[in-house]
Amino acid sequence: MLLFGNMSEPTPGFSLELSSDLREMRDWVHEFAAGVIRPAAAEWDEREETPWPVLQEAAKIGLYSLDFFAAQFFEGSGLGIPVAYEELFWGDAGIGLSLVGSTLAAVSVVSNGTPEQIGEWLPQMFGDATDVKLGAFCASEPDAGSDVGAIRTRAVYDEAGDEWVINGVKTWATNGGIANVHVVVATVDPSLGSRGQASFIVPPGTRGLSMGQKFKKHGIRASHTAEVILDDVRVPGNCLVGGKEKLDRRLARIREGGRGGEQAAMKTFEASRPSVAAMAVGVGRAAVEYAAEYARTRVQFGKPIGQNQGVAYQLADMAASVDAARLLTWRAAWMAATGKPFDHAEGSMAKLVAGETAVRVTEQAIQLLGGNGYTREYPVERWHRDAKIFTIFEGTSEIQRMIIGRAVTGLDVR
């Protein structure tokens with residue numbers, strides 16, 4: 001048919017097949033997830049502690065390393081990080097977040113920092129096989145969650161000592177207070193709102209930084225989440241991410257009525273949305289696979305429950321939803337890697353759909369397992385607890401809908 005052209009000849013340059021390198025990496029990460037992460041998941045969920053032995057095992061094989069994450073981050077198709085994250089979070093979301101938690105701080109420096117800052121601080125966020133280190137990105141505050149413009153943490157420049165003095169309280173910080181390197185978003189000019197913010201690197205051992213409350217969470221319990229208190233924290237002038245000259249130029253443009261570029265926290269969150277979506281896809285896929293296997297082997301009324309249309313149709317919807325979420329995630333990741341702007345909120349679409357899919361299919365998995373699914377003897381209840389975070393952190397589902405609504409309508413949706 002002329003409408004479709006010659007269907008025997010594939011369109012040059014288009015393929016959804018992963019490269020051999022990506023397939024090899026995927027299988028390697030999956031092997032670690034199946035052999036190390038899953039067997040440890042229930043224990044560390046109960047302990048609600050950072051799973052240091054798992055991090056150390058990952059570091060020994062090079063999975064928890066700057067080299068590995070950098071290789072996936074700069075992989076040409078953009079699918080390196082999504083593919084790796086899906087496998088890690090298929091293993092367990094709490095342990096997975098402990099393994100990737102440092103990357104948000106790393107991305108914030110890579111996105112805005114100087115080459116010197118990248119070279120100096122990123123290695124200190126990961127360490128090596130003999131000395132595992134962590135990074136933490138600190139943006140949210142008790143009164144500034146989705147509303148990043150309400151950030152009250154203040155950074156004041158001390159010209160005499162070429163230092164920035166930071167005061168405030170951060171909350172919901174992954175690795176907060178236990179990280180070696182913290183990246184903190186602070187206000188430098190309150191009159192400019194969110195456009196008057198900047199990010200600062202707080203080196204290891206800096207006086208005045210301490211951990212506040214450690215949160216006991218509904219899910220992702222193996223990931224450390226806490227408040228970070230900054231009390232007259234002094235950092236060298238060169239710890240301002242991007243440098244002072246760049247900040248001064250940006251602030252001057254804003255004061256003159258020009259554009260100042262993206263706000264520091266939002267730029268980091270925007271870059272992370274396909275990655276967070278991939279985490280949710282991993283959890284959702286785990287639930288679909290587990291429920292499908294249960295439906296094949298659980299016999300009631302003389303036959304596997306999967307032979308009942310009511311069960312099979314539900315599994316069909318679950319599987320289709322996870323695949324659709326993955327495709328949205330891959331599209332957003334590819335666009336980010338190839339420099340295509342999210343003009344139609346493609347990053348927010350991926351996170352919204354993947355996060356809500358993970359919540360829905362994990363709940364459906366519990367229902368399919370019946371009473372067994374409601375007990376801690378089976379992993380689906382933990383996956384459901386874990387899944388909920390994907391509709392909350394890195395921008396709630398409501399924030400994603402607002403961003404998508406603005407793109408769809410062209411109006412200033414509030």
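Residues numbered from 1 in each chain as written. Predicted model: local features only at pLDDT ≥ 70, side-chain atom pairs only at ≥ 80, totals over all residues. Heavy atoms only, no water.

(A) Structural detail: the overall build of the protein. Within the protein one finds 13 helices and 11 strands. Considering the protein as a whole, with its 414 residues, one finds that 52% of them fall into the buried category. Within the protein, contacts between residues at least 6 apart in sequence are counted, and of these 72% link residues at least 24 apart. A total of about 19,300 Å² of accessible surface is found on the protein, and carbon and sulfur atoms cover 54% of it. (Helix = DSSP H or I, 4+ residues; strand = E, 2+ residues; numbered from the N terminus. Buried < 20%, exposed > 50% of the residue type's maximum accessible area, 1.4 Å probe, protein only. Contact = heavy atoms within 4.5 Å. Areas by Shrake-Rupley, 256 points an atom, 1.4 Å probe, with all protein chains shown as cover.)

(B) Fine view of the side chain of Thr 187. Of note, Thr 187 is situated in strand E6 (residues 181-187). Beyond its immediate stretch of four places on either side in the chain, Thr 187 contacts Ile 151, Thr 153, Arg 154, Ala 155, Gly 196 and Gln 197.

(C) Spotlight on the environment of His 344. Among the structural elements, His 344 can be located in the loop between helix H10 (309-337) and helix H11 (346-369). Between the alpha carbons of His 344 and Ala 186 there is a distance of 29 Å; along the sequence they are 158 residues apart. His 344 has contacts with Met 349 and Ala 407, leaving out every residue within four places of it along the chain.

(D) Just the nonpolar core, in detail. If you look at the biggest cluster of nonpolar residues, it comprises 116 residues, and the most contacted ones within it are Tyr 64, Phe 89, Leu 99, Val 100, Met 125, Phe 200 and Phe 390. Broken down by element, the residue count for this core peaks at 14 residues, all from helix H9 (residues 264-297). The contact partners of Met 125, leaving out residues within four places of it in the chain, are Tyr 64, Ser 102, Ala 105, Ala 106, Val 109, Lys 133, Leu 134, Gly 135, Val 181 and Val 183. (Core = buried A, V, L, I, M, F, W, Y, C linked by side-chain atoms within 4.5 Å.)

(E) Looking closely at the packing of helix H4 (residues 80-91) against H10. Running from amino to carboxyl end, H4 crosses H10 at an angle of 145 degrees, the nearest separation of the two axes being 9 Å. Of the residues in H10, those in contact with Pro 82, Val 83 and Glu 86 of H4 are Arg 326, Thr 329, Trp 330 and Ala 333. Of the residues belonging to the contact of H4 with H10, the class tally is four nonpolar, one polar and two charged. (Axes fitted to C-alpha atoms, helices over the stretch in contact; angles between N-to-C directions. Nonpolar A, V, L, I, M, F, W, Y, C, P; charged D, E, K, R; others polar.)

(F) Representation of the pairing of strand E7 (residues 197-202). Most of E7 sits out of view: six of its six residues are buried. Where E6 meets E7, six bridges bridge the pair, whose relative direction is antiparallel. From the neighbouring strand, Ala 186 faces E7, where its bridge partner is Ala 198. (Pairing = 2+ DSSP bridges.)

(G) Spatial organisation of the packing of aromatic side chains. Summed over all chains, the structure comprises 15 aromatic pairs. Seen from their ring centres, Tyr 85 and Phe 89 are 6.4 Å apart, and the 40 degrees between their planes marks the pair as tilted. Here the residue Tyr 85 and the residue Phe 89 both occupy positions in helix H4, the gap between them amounting to four residues, near one helical turn. Between Tyr 294 and Tyr 378, the ring centres sit 6.4 Å apart and the planes meet at 85 degrees, which makes this aromatic pair edge-to-face. With a gap of 84 residues between them, Tyr 294 in helix H9 and Tyr 378 in the loop between H11 and helix H12 (380-387) connect regions that are remote in the sequence. Note on Tyr 294: relative accessible area 11%, which makes it buried. One residue, Arg 47, lies across the ring of Trp 44, its end atom 4.1 Å from the ring centre. In this arrangement the basic side chain of Lys 244 is found over the ring face of Tyr 157, its NZ or CZ atom lying 4.8 Å from the centre. (Phe/Tyr/Trp six-rings, centres within 6.5 Å; stacked < 30°, edge-to-face > 60°. Lys NZ or Arg CZ within 6 Å of the ring centre and 35° of its normal.)

(H) Structural view of a nonpolar patch on the surface. On the surface, a nonpolar cluster with roughly 350 Å² of combined accessible area is contributed by Phe 14, Leu 16 and Leu 327. The class for Phe 14 is exposed, based on a relative accessible area of 61%. (Patch = residues over 30% accessible without salt bridge, like charges linked within 9 Å, V, L, I, M, F, W, Y side chains within 5 Å. Salt bridge = Lys/Arg side-chain N within 4 Å of Asp/Glu carboxyl O.)

(I) Spotlight on the environment of Ile 81. Relative to the helices and strands, Ile 81 is located in helix H4. Judged by its relative accessible area of 8%, Ile 81 is buried. In this structure the C-alpha to C-alpha distance between Ile 81 and Ala 333, which are 252 residues apart in sequence, comes to 8.4 Å. The residues touching Ile 81, leaving out its near neighbours within four places in the chain, are Phe 69, Gln 72, Phe 73 and Ser 275.

(J) The state of the cysteines, seen in detail. Evaluated as defined, the whole model comprises zero disulfides. Of all cysteine sulfurs, the one in Cys 138 lies closest to Cys 239, which takes part in no disulfide; the gap is 14 Å. (Disulfide = S-S within 2.5 Å.)

(K) Region of the structure containing unusual backbone geometry. Even without a glycine there, the phi angle at Asp 232 is positive, about 50 degrees. Structurally, the position occupied by Asp 232 is in strand E9 (residues 225-236). Non-glycine residue Phe 301 carries a positive phi angle of around 55 degrees. Position of Phe 301 relative to the elements: it lies in the loop between strand E10 (299-300) and strand E11 (303-304).

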